Amino acid sequence: MQPNELSVFLKSNTELFSQFPDDKLLKLIQGSRFTIYEPNESIIEFGEEGYFLGVIIDGQAEVSTIDDTGEKHSINVLKPGDLFGEISLMTGDKTAANVIGLTPCSILLMPQTLFSSIIMTFPPAIRLLSKTITDRMKKNTIDEEDRKNVESAWKKSNDPYGFKLKSEQPTKILVINCGSSSLKYRLFDTFIETGDISGLIERIGSDEMKHVAKSAKGELSENLGKGTHKEAFSGMISALTSGKLGMVVTPYEITAVGHRVVHGGEKFTGPVIITEDVLKIIEELSLLAPLHNPVNLIGIKEAKHHFPLAAQVAVFDTAFHHTLPAYAYLYGLPFELYEDKHVRRYGFHGMSHFYVALKAAEYLKQPFNKLEVISCHLGNGASLCAIDHGRSIDTSMGFTPTAGLIMGTRCGDVDPGIFSYLMQSGAMNINEFNDLINKQSGLKGLSGISNDMREIEENAQKGNRRAILTFKTFCYQIRKYIGAYMAAMNGLDVVVFTGGIGQGSAGVRSLVCQGIEYMGIIIDEEKNKNAQGFSRVCDISSDGSKVKVLVIPTDEEHMIAREALRVLKTDKISQVVFSNQAENPVPIEISAHHVHLQKEHVYELFGQDYNLTPEIELSQPGQYACKEKVNLIGPKGTVDRVRILAPVRKETQIEIAMTEQFKLGIYPPVRESGDLQNTPGITIEGPKGRVTVDKGVICALRHIHMSPEDALKFGVRDKWMVRVRVSEGDRVLIFGDVLVRVHPNFRLAMHIDTDEGNAAHIATGATGYIEGVQSTN
């Protein structure tokens, strides 16, 4: 059908498009895909991520589910004019049903970007779709079967975290890791899984640059002669466009270039499209990473020259750790050094830790934001990371990648007084000192043999005492960090080993896990010895281990491509959000400390069959503050007259601010409301008695309540993270990590706690503006 014919059909047969302006509808049709499906051909599979809004133009398709026994249950038959895929697009849930052709059928597939930028900017469409999603969400609240279908779709999805790099349009992403003497690259094609090509150019700056590359077509090994990064990029482009090896005809086919940038400081909390302002900030951050950021900039500038039409995306090693709390990232130095010189723990290996933690969640079929994970990235560079319910809360590397564990040639944690002693005694100057801690220490310095763990293990096997001592020292430090991070998270679900040593050394994994069986970490030595850590996820836990121990091959290039693809998508959505922000302010409410009680605890605190007394209606419908108050009693002190919010909940939850933590002697994690696993407990005192709960105290993650209609207006989904700009205090502030929570019963309001309100000098009644999408994970 021609675009004009499709326009007439959509206006005549679908309520959604009946009032659409002709120009917008034609633009929507021209950007959509018209596809014909055969009988029994799958159009949408159960568990897929929603990428399109579909309209049946001709023929019929069946919507069905398959239960755990394999039996099919037909839900509906779609006919011409019927829509499908809208719920998944709007909620972010995996598709909870199959859509399969019953007859030959013609379908118009409208991509998500057009759904957000065209359909979601038309008020009648917003009203109609918000009613659809509201009805569905209310049905799911009372329909156990529907709720199970949504949960089952997520668990049965073969790609719950978007590792397959799918996109609405063919997209080629080139990932670049530019070092001082090397250029590592890899090309990904979102429409052709075998379209990858990877390569490495070494010895840049020497007379003998070496280039190796491989793709599905074959392999390449060549000498490039003398050259700089400029010649290295030319060699890479020759390989990418080579008829014998390459996967593109011209560099103009590259959609995006994802750059690994080591240091993002406190400025960057996620991947960003590179602009001139971003380049300037990366250059300024070179003071914090003088060995890395300058060469990363060289790679960016060369890529901009060779790929002028491609979006350039910076993906930062430090960004994953932006959620570290201040008490984890500050050093015991004068606070002014943090304020003036930005001296703090930043952490590195962020993409690797993020990747393997997501892979662990995928393998275990558990939500990423419900797990407590310790990721052990062990290679020539090595670090551990504590990931509490999806947030990095501590990591072993610090201000630089030199801190933490013993590494290949880096010293790791040492007493800084040693360096004063060595320099004052005249043993070395500052340059020799930097060479010592970065190139002459670690496994190499301790063993006197090599920075390669394989050689150290070989020599230890022969009885070399220094090799044995080096091996034991390396493993001891890892084991010590695991114990510390388990304590920091108040629990542990998964330990992941990754990196060259983590994936390849059964001996390291074995010794690290010895002596911590009492912590629930027990490995099966036979599984450990046979683990194929470089090819697949391997579970080396014993049957009786409470904590899963996994070996997972890391893939930082794949993760950079994934993040680049996601930032392309969120950038388009952010443009829509930003263009609408002036018309859509968000009311801000300061949420003081409060308690939600379960019914049994109401009775214990106020008497049997006691009913709480509503006093103040809250902004969220059906919720109110009660006349009743309780006292909170912690190990150190008390906080009196804390208000109860109602109605009652399934589990008692106590929300306090950071300043109250010290008064009580309790240090809860930052969590979403209702996420109470491994949180501290407290004693609650009422007029008729006391209740001691063993969990339930949290600092609530800042969040925005909104209805489905609000979410459609803003172009966001449930569980997304956004940035909110507030300018009503003494200064303009941007709140990051603001969780979007969507429900039919919610009214638009952003909630922050009293400490955050005081810091921003704002009170209830202020307004903010959603400035952009931070994360869609």
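Everything in this summary refers to the structure shown in the same document. Computed from a predicted model, the values in this text were never measured in an experiment.

### What to know about a nonpolar patch on the surface
Then, in step 1: Together, Met 1, Phe 34 and Ile 36 make up a nonpolar patch on the protein surface, roughly 290 Å² of accessible area in all.
Then, in step 2: Tracing the sequence through the fold places Met 1 in the segment before α1 (3-13).
Then, in step 3: Since its relative accessible area comes to 46%, Met 1 is described here as partly exposed.

### Some words on helix α7 (residues 229-241)
Then, in step 1: In this model, α7 (13 residues) spans 18 Å end to end at C-alpha, consistent with the 18 Å of a helix rising 1.5 Å per residue.
Then, in step 2: Burial in α7 covers these residues: His 229, Ala 232, Phe 233, Gly 235, Met 236, Ile 237, Ala 239 and Leu 240.

### Things to note about unusual backbone geometry
Then, in step 1: Cis peptide bonds are those with omega within 30 degrees of zero, and the linkage from Ala 646 to Pro 647 qualifies with 10 degrees.
Then, in step 2: Relative to the helices and strands, Pro 647 is located in strand β27 (residues 638-649).
Then, in step 3: A positive phi is found at Asp 609, a non-glycine position, where the angle reads about 65 degrees.
Then, in step 4: Mapped onto the secondary structure, Asp 609 falls in the loop between α22 (599-606) and β25 (614-617).
Then, in step 5: Judged by its relative accessible area of 53%, Asp 609 falls in the exposed class.
Then, in step 6: In the Ramachandran plot, His 761 falls in the positive-phi region, its phi being about 60 degrees despite a non-glycine side chain.
Then, in step 7: One can find His 761 in the loop between α25 (754-760) and β37 (767-775).

### With respect to the sheet that holds strand β34 (residues 721-726)
Then, in step 1: One closed barrel accounts for 6 strands, arranged β23-β36-β33-β35-β34-β37; its pairing is mixed. Sheet twist, expressed as the average angle between the axes of neighbouring strands with direction ignored, equals 45 degrees.
Then, in step 2: Judged from the 5 bridges that link them, β34 and β37 form a sheet pairing that is antiparallel. Each bridged residue has a counterpart across the sheet, and for Met 721 the counterpart in β37 is Ser 775.

### A look at the environment of Ala 310
Then, in step 1: Following the sequence through the fold, Ala 310 ends up in the loop between α9 (293-306) and β16 (311-316).
Then, in step 2: Classification of Ala 310 by relative accessible area gives buried; the value is 11%.
Then, in step 3: Between the alpha carbons of Ala 310 and Ile 254 there is a distance of 5.9 Å; along the sequence they are 56 residues apart.
Then, in step 4: With near-sequence residues (within four places) excluded, Ala 310 lies in contact with Ile 254, Thr 255, Ala 256 and Val 257.

### Looking at the sheet that holds strand β20 (residues 494-498)
Then, in step 1: The strand order across the open sheet built from 6 strands is β19-β18-β17-β20-β22-β21, with neighbouring strands paired in mixed fashion. The open sheet has two edge strands with one neighbour each: β19 (391-395) and β21 (538-539).
Then, in step 2: The sheet contact formed by strand β18 (residues 382-388) and β19 spans 4 bridges and is antiparallel. Counterpart to Asp 388 in the pairing with β19 is Arg 391.

### Here's the deal with the packing of α7 against α9
Then, in step 1: Closest axis-to-axis distance for the α7/α9 pair is 10 Å, and the angle between their directions is 50 degrees. For the element pair α7 / α9, the angle class is oblique. For α7 against α9, the interelement crossing comes out right-handed. Every residue of α9 that contacts α7 at His 229, Lys 230, Phe 233, Ser 234 and Ile 237 is listed here: Ile 298, Gly 299, Glu 302, Ala 303 and His 306.
Then, in step 2: Residues that form the contact of α7 with α9 fall into these classes: 4 nonpolar, 4 polar and 2 charged.

### Looking at the pattern of salt bridges
Then, in step 1: All told, the structure shown has 24 salt bridges when counted by the stated rule.
Then, in step 2: One salt bridge connects Arg 186 with Asp 196, and the closest N-O pair in it is separated by 3.9 Å. Of this pair, Arg 186 sits in strand β10 (residues 182-189) while Asp 196 sits in the loop between β10 and β11 (197-202), and the two are 10 residues apart along the sequence.
Then, in step 3: Here Asp 196 falls in the partly exposed class, since its relative accessible area comes to 22%.
Then, in step 4: Note that Glu 651 is salt-bridged to Lys 695, the shortest N-O span being 3.2 Å. Of this pair, Glu 651 sits in the loop between β27 and β28 (653-655) while Lys 695 sits in the loop between β31 (689-693) and β32 (697-700), and the two are 44 residues apart along the sequence.
Then, in step 5: Overall, the relative accessible area of 35% leaves Glu 651 in the partly exposed class.
Then, in step 6: Among the ionic contacts, a cluster of salt bridges with common partners joins Glu 372, Asp 388, Arg 671 and Asp 675.

Definitions and limits used
Residues numbered from 1 in each chain as written. Predicted model: local features only at pLDDT ≥ 70, side-chain atom pairs only at ≥ 80, totals over all residues. Heavy atoms only, no water. Patch = residues over 30% accessible without salt bridge, like charges linked within 9 Å, V, L, I, M, F, W, Y side chains within 5 Å. Areas by Shrake-Rupley, 256 points an atom, 1.4 Å probe, with all protein chains shown as cover. Salt bridge = Lys/Arg side-chain N within 4 Å of Asp/Glu carboxyl O. Helix = DSSP H or I, 4+ residues; strand = E, 2+ residues; numbered from the N terminus. Buried < 20%, exposed > 50% of the residue type's maximum accessible area, 1.4 Å probe, protein only. Expected span 1.5 Å × (residues − 1). Pairing = 2+ DSSP bridges. Axes fitted to C-alpha atoms, helices over the stretch in contact; angles between N-to-C directions. Contact = heavy atoms within 4.5 Å. Parallel < 35°, antiparallel > 145°, perpendicular 65-115°, else oblique. Left-handed = near helix turned anticlockwise from the far one by under 90°. Nonpolar A, V, L, I, M, F, W, Y, C, P; charged D, E, K, R; others polar.

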